[in-house]
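Chain and residue survey
Here is how the chains run, residue by residue.
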Amino acid sequence: MTDSKKNAESSGKTIDVLLEEGRTFAPAKDFVKQANFSDPALYKEAGKDSVAFWEKCASKLDWFQKWNKALEWKAPDAKWFIGGKLNASYNCVDRHIKNGLRNKAALIWEGEPGDKRTMTYWDLYREVNKFANGLKSLGIKKGDRVAIYLPMIPELAVAMLACSRIGAVHSVVFAGFSPEALKDRINDMEANLLITADGGYRRGGVIPLKNDADIALSDTPSIKHVIVVNRGGFKTDMKDGRDHWYHELVDAAEAFCEPEHMDSEDMLFTLYTSGTTGKPKGIVHTTGGYMTGAYTTTKYVFDLKDDDVYWCTADIGWVTGHTYIVYGPLSNGATVVMYEGAPDWPDKSRFWKIVEDYGVTIFYTAPTAIRAFMRWGVEYPAKHDLSTLRLLGTVGEPINPEAWMWYHKNIGGEKCPIVDTWWQTETGCILITPLPGITTTKPGSATVPFPGIEADILDEAGNSIKVGGGFLVITKPWPSMIRTIYGDHDRYYETYWKKYNGKYYFTGDGAKRDEDGFFWLLGRVDDVINVAGHRLSTMEIESALVDHPDVAESAAVGVNHEIKGQSIKAFVTLKDGVEPGDGMEKKLKAHVVKMIGAIARPESIIFSAELPKTRSGKIMRRLLKDIAEGRVLGDTSTLADPNVVEALKEKYEED
Ligand code: ATP
Ligand code: MG
């Protein structure tokens, strides 16, 4: 019996481990030679005294006043770098102007229609200062909340930095969200001002952002002013006294705005989670700790160098964009590529054209995108020269080993290390990840905790599981951790701390640890499937399905079953050009049995061209479960495309 099986039986409440993945990829010698970090002793050192490690990291930022105490920890409340004063925008722009990077490209931006713009650090500095003064001219001051509802245009980064410059708390709302979702978020944080645009391009069409915002604004009493960026000269009504054009404010503003000296624990931003599991939560991050995490992990995990061209394809509406498009890379003085539109516009090779055109060296995307690339076929990346790429990353969901291998081969040319980075809106920065010059990677594993981070896998009773599956927790405070849920500290405790009595941060994710101490994320604990006393992770069943050459994507859910407790239903999207046809269901069931065993055999498979996803591209299993159990659908407000669920529901009811 394996250790994991023993564990599962003794506690009854862990997660079984079925999938074995034996491939390993050691860092290439050439990569190690040039890597920012290549000495494994780093982990030991940071582990010995993690607070000292984080202090060393924090000292790489510019502080107006140094902290007098590194950490005050009274679970679940952490304060980092107490007494320290700094400004996030100063760290992202001013210090580079002073250190010789004034003419370096900060943002290389491309709009969906193909329009281009490059902002040097000097340009960015000028624009941030002026817009900060523009915000001040409308009465915005330290502690006020500013909602931002913008497409992926440079003004989005400018707006965030301008807020942080004057100490206003920004809250970016993804531009694909509905007026209703925008309204809820504005009201939850009682925002004083909204920044939006006349519109934005998406898949050849125009999203009428200002018109949508106007609908939301009919019921948002806290908003006094609205600033509108002219993205495309789209028609919009400007309300006298309330609405102001961005360019007019900036043109009229003074060139310099003194950066506010923010306390390390002053709030930097709030951001609502993607809403995969339910009602979105307003996650609160503070200045000193968040900036330390963002700066440090960007440098370490992406092996960032002065001449890199770095592209993270996330939308800034999600935390990945906050930390790994704006605050992390810009505080490092990096050159950041930013793209407004869809990956398949005007055709499915758009991303690869961007990589070629700008000579992108570091590329960071999500498994959902990688699975779409797989489905579309290798001919698209093959059309472009991707040889400038030197490092790849992934984030957002567990990556199926087959998707990892596809990425490695077809995008990375078998020469780029892949960093599979696990983290959450709540964690502020990457917590479990390879370091590309040190870690031997395994497809599907996020590998090990970042230096200075301590994670564990526990059973229900709180016992540590050395080898096997269970609940992922973080056992020590870290600088960029969530401080609270906006306006609801009780919910903060309930959600993240109560499970282990305030002792550990509970992530809500399942994970397994292998014999080498590597972590493998198994999906959300709420999604675990219980078949005849075996607790199976969605991830392993889905990976077994995706391992089949005809399958592009899959989602497994547990459905109530009289005898077994639950039975497995699998939803499967086949690769382009493959027909479901007779026998496919049988073939796929047999494949799962072969890969991981009879216990994981899906009772039925439903074929669907699309799976329901959040706006950030994550599969929403809870809705599939609602469909499979014939229930009324739960909260659908964060769905990317409600039609997908409706169609599936109909199909399911017919079958
Ligand atoms: P909500 O909390 O509102 O349900 P969400 O959890 O999807 O939304 P995010 O904070 O954007 O919101 O996502 C974090 C989650 O994404 C993690 O808890 C984990 O489930 C998943 N995740 C992120 N990166 C990885 C990764 N590399 N491997 C596995 N899972 C990942
Ligand atoms: Mg979450």
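Numbers given to residues run from 1 along each chain, matching the order in which its sequence is written. Labels follow written order: the first chain is A, the first ligand is 1, and so on. Where local features are concerned, this predicted model is filtered to residues with pLDDT of at least 70; where side-chain atom pairs are given and counted, the filter is 80 or more; whole-chain, interface and lining totals use all residues. Side-chain metrics rest on all non-hydrogen atoms present in the structure, leaving aside hydrogens and water.

A closer look at the overall build of the protein
What counts is decided by this rule: A helix here means a DSSP run of H or I that spans at least four residues, while a strand means a run of E at least two residues long, and both kinds are numbered starting from the N terminus. To get the radius of gyration, use the C-alpha atoms; to get the globule rule, take the number of residues to the power 0.38 and multiply by 2.2 Å. The buried label applies to any residue whose accessible area, calculated with a 1.4 Å probe on protein chains only, is under 20% of its type's maximum; exposed applies above 50%, and partly exposed to all values in between.
Counting its secondary structure elements, the protein contains 21 helices and 30 strands. The C-alpha radius of gyration of the protein comes to 24 Å, within 12% of the 26 Å expected for a compact globule of 655 residues. In terms of principal-axis extent, the alpha carbons of the protein reach across some 70 × 55 × 50 Å. A buried classification covers 64% of the 655 residues belonging to the protein.

Here's the deal with the sheet that holds strand β21 (residues 455-458)
How we decide: Should DSSP find at least two bridges between two strands, the strands are taken to pair. To define axes, lines are fitted to C-alpha atoms, for helices over the stretch in contact only, and angles between the resulting N-to-C directions are given on a 0 to 180 degree scale.
Strand order in the open sheet made by the 4 strands is β21-β22-β24-β25, with antiparallel pairing throughout. On the outer flanks of this sheet lie β21 and β25 (519-524), each paired with one strand and no other. Strand-to-strand twist across the sheet, computed as the mean angle between neighbouring axes with direction ignored, equals 45°. Sheet topology note: the strand β22 (residues 468-474)/strand β24 (residues 505-513) ladder contains 6 bridges and is antiparallel.

Thoughts on the nonpolar core
Worth spelling out the cut-off: Buried Ala, Val, Leu, Ile, Met, Phe, Trp, Tyr and Cys residues form a nonpolar core when they are joined through side-chain atoms within 4.5 Å. The contact definition used throughout considers only heavy atoms, calling two residues in contact when any of these lie within 4.5 Å.
Leu 124, Phe 131, Leu 135, Leu 194, Ile 195, Phe 302 and Tyr 327 are the most contacted members of the largest nonpolar core, which has 140 residues in total. Here this core takes 9 residues from helix α7 (residues 154-166), the largest share from any one element. What Leu 194 contacts, discounting residues up to four positions off in sequence, is Ala 147, Ile 148, Tyr 149, Leu 182, Ile 186, Ala 213, Leu 217, Ile 223, His 225, Val 226 and Ile 227. With 31 residues, the next largest nonpolar core counts Phe 351, Tyr 358, Leu 389 and Trp 406 among its residues.

As for the environment of Pro 346
With respect to the helices and strands, the residue Pro 346 is situated in the loop between β17 (335-339) and α13 (350-358). Remark: the alpha-carbon pair of Pro 346 and Lys 651, spanning 305 residues in sequence, is separated by 31 Å.

Side note on the site of ligand 1
Here is the rule we go by: Only a single heavy atom is needed: when it lies within 4 Å of a molecule or strand, its residue is near that molecule or strand. Whenever a nitrogen or oxygen atom comes within 3.5 Å of another N or O atom, the pair is scored as a polar contact, on the condition that within protein one atom can donate a hydrogen and the other can accept it, and that pairs from neighbouring residues in sequence are kept only if both atoms are in side chains. Residues are grouped as follows: Ala, Val, Leu, Ile, Met, Phe, Trp, Tyr, Cys and Pro are nonpolar; Asp, Glu, Lys and Arg are charged; every other residue, Gly included, is polar.
Near ligand 1 there are 21 residues, and of these Thr 273, Thr 276, Thr 277, Thr 425 and Lys 618 occur at the shortest range. A distance of 2.7 Å separates an oxygen atom of ligand 1 from a polar side-chain atom of Thr 273. The contact in question runs from an oxygen atom of ligand 1 to an N or O atom on the side chain of Gln 424, over 2.8 Å. Residues of the shell around ligand 1, tallied by class, amount to 5 nonpolar, 9 polar and 7 charged.

A few points about a negative patch on the surface
Our working definition: Like-charged residues are merged into a patch within 9 Å and nonpolar side chains (Val, Leu, Ile, Met, Phe, Trp, Tyr) within 5 Å, provided each residue has over 30% relative accessible area and no salt bridge. Surface accessibility in these figures is a Shrake-Rupley result with a 1.4 Å probe; residues are shielded only by whichever protein chains are displayed. A side-chain nitrogen of Lys or Arg and a carboxyl oxygen of Asp or Glu constitute a salt bridge if their distance falls within 4 Å. Think of it this way: Lys and Arg go in the positive column, Asp and Glu in the negative one, and His and the chain ends go nowhere. Lys charges are placed at NZ, Arg charges at CZ, Asp charges at CG and Glu charges at CD.
Together, Asp 184, Asp 188, Glu 190, Asp 488 and Asp 490 give the surface a local cluster of negative charge. Turning to its location among the elements, Asp 488 is positioned in the loop between β23 (484-485) and α17 (489-496).

Points about the pairing of strand β19 (residues 391-394)
Keep this limit in mind: We call a crossover right-handed when, viewed with the strands running away from us, the connection from the first strand over the helix to the second turns clockwise.
Covered by surrounding structure in β19 are Leu 391 and Gly 393 together with Leu 392 and Thr 394, the residues of both alternating faces. The sheet contact formed by strand β18 (residues 362-365) and β19 spans 4 bridges and is parallel. Considered in β19, the bridge of Thr 365 is made with Thr 394. Bridge analysis of β19 against strand β20 (residues 418-420) gives 3 bridges, and the strand direction is parallel. Bridge pairing links Gly 393 to Val 419 in β20. Note on the crossover from β19 through helix α16 (residues 401-410) to β20: the handedness is right-handed.

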